[in-house]
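Structure at a glance
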Amino acid sequence: MTTDATKNRWVKNGSLGEGKLRFGADYNPEQWPREVWDEDVRLMREAGVNIVSLGIFSWALLEPRPGEWDFGWLDEVMDLLHAHGIDVDLATATASPPPWLAKNHPEILPVGVDGTVFWPGSRQHWRPTSPVFREHALRLTRTLAERYADHPALVAWHVSNELGCHNLYDYSDDAARAFRLWLAARYGTLDALNDAWGTAFWSQRYGAWDEILPPRIAPTLRNPGQRLDFERFSSDAVRDHLRAEAAVLHEATPDVPVTTNFMVAQNVRDIDYVSWAGDVDFVSNDHYLRPGPIGRDDLSFWANLTGNIAGGRPWFLMEHATSAVNWREVNPPKRPGELVRDALTHVAHGADAVCYFQWRQSRAGGERYHSGMLPHAGADSRVFRDVVALGQRLQEIAGITGALRERARVAVLFDYESWWVSGREGHPTEGLAYDVEALTWYRALLDAGVRADVIPASASFDGYEVVVAPMLHVVDEALRGRLAAVAESGRHLVTTYFSGVVDEYDRVWLGGYPGALREVLGIRVEEFVPLLAGSPAALASGAEATVWSERIVHVGDDVEVLDTYAGGDLDGAPAVTRRRLPGGGTATYVSADLGVAGAGGVLRALTAEAPALAADPLAADGRVEVISRVQGDTRHLFLANRTDEPVRAGDVELAPREVAVRTQPRH
Ligand code: GAL
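Quick notes on unusual backbone geometry
- Geometrically, the link from Phe-357 to Gln-358 is a cis peptide bond, its omega value of -5° lying close to zero.
- Checked against the element boundaries, Gln-358 lands in the loop between β9 (351-356) and α13 (382-396).
- For the bond running from Tyr-513 to Pro-514, omega is -5°, close enough to zero to count as cis.
- Its location among the elements puts Pro-514 in the loop between β14 (492-496) and α17 (518-521).
- At Trp-202, a residue that is not glycine, the phi angle is positive and equals roughly 55°.
- Summarising the element assignment, Trp-202 is placed in the loop between α8 (190-197) and α9 (224-252).
- The partly exposed category is assigned to Trp-202, whose relative accessible area is 49%.

This is the structure:
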């Protein structure tokens, strides 16, 4: 499993942890006059800040002209922070190239799918595959690394910033060249590529490598295999940049751990962070709360996945927001209690650092309405008071530093490629949403009071009594075997509609759906029956599907029908099935989108066979999320009130949105 490769030197040598939870923010002093810096460090101390990420967008100041450096101000900030006991996660400052670089080398500018050039004037306007950009970025990285190698404030390196956030998909000629090399390495021969991509369709057969392009805008549907490989390539291309900067840093400062901030979150679909985990010394993540009632559970889902991408080891919450962001359609502030709740929910899922974007809310620039730890209103504000209270709280629970996630007995699988592929156009419906389906099953488990791990589909399933695989669309031969093994070894597999339908080239498994999983599920589906808006499909149990249903035409002798369609063309046909395998294992198939309540019904029906699905009494009928971190003989139990009402969990009285932490012996 890729995540086992995560070195996590942070924890191994204790250089960042040192028994304290890290608390801080992106710090952008270059946006402020010198006298403000003194107030900054004073207030940072008041809040308990012990780390900042520095220099993220400073390239134009550090290298004002090609090869001409100005480090004076950064030296001063580094010294000032150190003098106040604040450590630095120093950025390589390569996230946003300076105007002179784009002017002298417009060939670094990324190109959109339709040929649009992304000009300077914002940020991240560089091609991941540009040799010119790479050369300049690595020169800056090396210069910084050598200059600050021995600075006492330096505790970690922060490569670039949110790599691929705006420039992941680049369709330029540089990208075309790099894509061809990537494809040649993957397929070896054009015959193999033509076969994988099914290029006999629409006269797409390639006779030479240089005929292949990125999937640029085209008259109609583009080749699905080409698109999937371009998505993989793009994720790898940005990862290659991470590796290149990390190599420079490791060479210059072998003892300083290197990280970069991932974006494991619902609004970032396109980077396969599971594959990146081995390239950082510790995993860092940025997460921004989704507004509305779904936000808390959504945060828990992605924090849970981040913890498992980090292999269960502690990780670093590099960015979240104290209150509002400024990049959604409507950006409400956080409600009372949410600042602390969100931070502690991340900690519960394994974060040993709670950091924000950003320390001081900007006065100018595109993000001036984005909250910070220190808002426009100044220190006399609700947000800053909450920040100070949180800093205090983190000091009180610092004993959890280094504790690992305690493995659950139920796993929800997550797979980036299934996310990429399942929602494409050219499918039976454009209404499918992989992330919605995955979160639905996670929420059903939370409602049932069951602790579950969200794990990459490539992770080991060992030790999980129940494996839930929502819309696991892309299944290759190896994954097929691993999923079947769950049910064949006396455990329980639950999977849902549109799973197992295509192989790793996005080619359909033949013989009926759900293709790769047909055998273990003991059923055969002949047709998908997507639902038109306003025409839901009812099930006999009372559950209702609004997006998807299927015609299951064959059910094996060892398969029971747990629910049927009621009314409409599918009246009486199986909707939910369960195969019982020798050895006590089961394989459940849910052919429609049943929502949280419907999913809960399916899980309840399995509880007799799968004790792992029994409710934890501390979960107070699903109103509390129970999360656990362990270290030696100690368990740190987090009880997170999911509701806006007071809730009693065992002998703990939780205020609305409160997260309580109880430390107790493990056995
Ligand atoms: C992140 C980014 C930060 C800031 C923040 C605002 O994507 O890394 O620099 O832009 O979002 O939410």
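Some remarks on the packing of aromatic side chains
- One pass over the structure, following the stated rule, counts 38 aromatic pairs.
- When the ring of Phe-179 is compared with that of Phe-230, the centres are 5.2 Å apart and the planes differ by 80°; the resulting orientation is edge-to-face. Of the two residues, Phe-179 is situated in helix α7 (residues 173-187) and Phe-230 in helix α9; the sequence distance between them amounts to 51 residues. Grouping residues by exposure puts Phe-179 and Phe-230 together as buried.
- Judged by centre distance (5.7 Å) and plane angle (35°), the ring pair of Phe-230 and Phe-233 falls under tilted. One end of the pair is Phe-230 and the other is Phe-233, both in helix α9 and 3 residues apart, which spans about a single turn.

With respect to the pattern of salt bridges
- Applying the stated criterion to the full structure yields 50 salt bridges.
- Here Arg-177 makes a salt bridge to Asp-174, at a shortest N to O gap of 2.8 Å. Separated by 3 residues within a single helix, Arg-177 and Asp-174 lie in helix α7, roughly one turn from each other.
- By relative accessible area, which is 48% here, Arg-177 ends up partly exposed.
- In this structure, Arg-335 engages Glu-338 in a salt bridge whose closest nitrogen and oxygen atoms are separated by 2.9 Å.
- Looking at Glu-338, the relative accessible area reads 6%, which means it is buried.
- Taken together, the shared-partner salt bridges connect Lys-334, Arg-335, Glu-338, Arg-341, Asp-342, Asp-644 and Arg-657 into one network.

Overview of the side chain of Arg-424
- Take Arg-424: it is sitting in the loop between α14 (416-422) and α15 (434-447).
- Polar contacts involving the side chain of Arg-424 include one to the main-chain carbonyl oxygen of Trp-420, which spans 3.5 Å.

Things to note about the domain arrangement of the protein chain
- When its domains are assigned, the protein chain resolves into domain 1 (50-254), domain 2 (410-613) and domain 3 (618-665).
- Domain 2 puts 6 residues into the contact, and the matching count from domain 3 is 8 residues.
- By the criterion of area lost to domain 3, the three top residues of domain 2 are Leu-446, Asp-447 and Arg-451, representing 76% of everything that side buries.
- Our count for the domain 2 to domain 3 interface comes out at 1 salt bridge.
- Put simply, Asp-447 and Arg-642 hold a salt bridge, and the shortest N to O gap is 2.8 Å.
- Scanning the region where domain 2 abuts domain 3 turns up 2 residue pairs in polar contact (both at pLDDT 80 or more).
- Its residues placed into classes, the side of domain 2 that touches domain 3 shows 2 nonpolar, 1 polar and 3 charged.

Describing the sheet that holds strand β8 (residues 315-319)
- Spatially, β5-β4-β3-β2-β1-β9-β8-β7-β6 is the arrangement adopted by the 9 strands of the open sheet, whose pairing is parallel. The two strands at the open ends of the sheet, each matched to only one other strand, are β5 (258-259) and β6 (261-262).
- Of the strand pairs in this sheet, strand β1 (residues 22-27) and β9 are connected by 4 bridges, and their pairing is parallel. Within β9, the position partnered with Gly-24 by the bridge is Cys-355.
- Running over the sheet, α13 touches β1 and β9 and is turned about 140° from β1.

Remarks on the sheet that holds strand β10 (residues 404-405)
- Pairing is antiparallel across the open sheet formed by 4 strands, whose spatial order is β10-β22-β23-β26. Among the strands making up the open sheet, the edge pair consists of β10 and β26 (659-665).
- Of the pairings in the sheet, the one linking strand β23 (residues 634-641) to β26 comprises 7 bridges and is antiparallel in character. Looking across to β26, one finds that Ala-640 is bridged to Val-659.

Quick notes on the nonpolar core
- Core analysis: the largest hydrophobic core is formed by 146 residues, its most contacted members being Leu-81 and Trp-359.
- For this core, the element with the most residues is helix α6 (residues 131-148), which contributes 7 residues.
- Of all hydrophobic cores here, the second largest spans 30 residues; its members include Ala-444, Ala-543, Ala-573 and Leu-606.

Criteria and cut-off values
Residues numbered from 1 in each chain as written. Predicted model: local features only at pLDDT ≥ 70, side-chain atom pairs only at ≥ 80, totals over all residues. Heavy atoms only, no water. Helix = DSSP H or I, 4+ residues; strand = E, 2+ residues; numbered from the N terminus. Buried < 20%, exposed > 50% of the residue type's maximum accessible area, 1.4 Å probe, protein only. Phe/Tyr/Trp six-rings, centres within 6.5 Å; stacked < 30°, edge-to-face > 60°. Salt bridge = Lys/Arg side-chain N within 4 Å of Asp/Glu carboxyl O. Polar contact = N/O pair within 3.5 Å; in protein donor to acceptor, adjacent residues only side chain to side chain. Domains from an automatic or database assignment. Contact = heavy atoms within 4.5 Å. Buried area = accessible area lost by both parts, 1.4 Å probe. Nonpolar A, V, L, I, M, F, W, Y, C, P; charged D, E, K, R; others polar. Pairing = 2+ DSSP bridges. Axes fitted to C-alpha atoms, helices over the stretch in contact; angles between N-to-C directions. Core = buried A, V, L, I, M, F, W, Y, C linked by side-chain atoms within 4.5 Å.

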